[in-house]
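Each chain is listed here by its residues.
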Amino acid sequence: MAAPTADTQSQVIATYHGHPTYICSQCSAVIALQDELISKSFSGRDGRGFLMHSAVNVKLGKKEDRPLLTGVHTVADVFCVGCNDRLGWYYHKAADYSQKYKEGKYLLEREKLIKENAWKLDE
């Protein structure tokens, strides 16, 4: 894993103050709103994964055709812009018609995220 640089850390720009989010387990960059969660019933490379409508503070790797559990998909790995850790992948295209609902969505690996609830205690 590459060490974060001042340049990549300055790219960590989007935040959702007061909203429940998922953050990067390595550098705490906000990655997605919990409201963007579609399903927790997915498998990533290293365990369970979340299918998400969107993600922020991420960059995409090279597109490639990858055989997954549900068939071949055109995907690109997703990396955190804060620390360059691989978080999952982005679905560009699904070959099978029954899998088209994944196109344009993110698969984020549960082990790479921390659920941040943004709870406030009354004082």
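All values reported here derive from a predicted model rather than from experimental measurement.

Asks: A description of the overall build of the protein should follow, citing residues and the corresponding values.
Replies: In terms of regular secondary structure, the protein is built from one helix and nine strands. For the protein, the α and β elements follow one another from N to C terminus as α-β-β-β-β-β-β-β-β-β. Within the protein, buried positions represent 41% of all 123 residues. Considering only intrachain contacts with a sequence separation of at least 6, the fraction spanning at least 24 residues in the protein is 48%. For the protein, the accessible surface area stands at approximately 7,200 Å², while carbon and sulfur atoms represent 50% of it.

Asks: Summarise the pairing of strand S2 (residues 30-33); cite the residues concerned and give the values.
Replies: Here three bridges tie strand S1 (residues 21-24) to S2, and the two strands are oriented antiparallel to one another. Each bridged residue has a counterpart across the sheet, and for Thr-21 the counterpart in S2 is Leu-33. The hairpin formed by S1 and S2 contains five residues between the paired strands, and Ser-28 there has a positive phi angle of roughly 70°.

Asks: Now, about the side chain of Gln-34: what can you tell me, with residues and values included?
Replies: Following the sequence through the fold, Gln-34 ends up in the loop between S2 and strand S3 (37-44). Judged by its relative accessible area of 15%, Gln-34 is buried. Engagement of the side chain of Gln-34 in a polar contact is seen with the backbone oxygen of Glu-116, the distance being 3.2 Å. Not counting residues within four places of it along the chain, the set of residues in contact with Gln-34 comprises Pro-20, Thr-21, Tyr-22, Lys-115, Glu-116 and Asn-117.

Asks: Please give an account of the sheet that holds S1 that cites residues and values.
Replies: Here we have three strands laid out as an open sheet, ordered S2-S1-S9, and antiparallel in their pairing. Edge positions in the sheet fall to S2 and strand S9 (113-116), since each of these pairs with one other strand and no more. Recorded for the sheet is a direction-independent mean angle of 30° between the axes of neighbouring strands.

Each value, and the rule that gives it
Residues numbered from 1 in each chain as written. Predicted model: local features only at pLDDT ≥ 70, side-chain atom pairs only at ≥ 80, totals over all residues. Heavy atoms only, no water. Helix = DSSP H or I, 4+ residues; strand = E, 2+ residues; numbered from the N terminus. Buried < 20%, exposed > 50% of the residue type's maximum accessible area, 1.4 Å probe, protein only. Contact = heavy atoms within 4.5 Å. Areas by Shrake-Rupley, 256 points an atom, 1.4 Å probe, with all protein chains shown as cover. Pairing = 2+ DSSP bridges. Polar contact = N/O pair within 3.5 Å; in protein donor to acceptor, adjacent residues only side chain to side chain. Axes fitted to C-alpha atoms, helices over the stretch in contact; angles between N-to-C directions.

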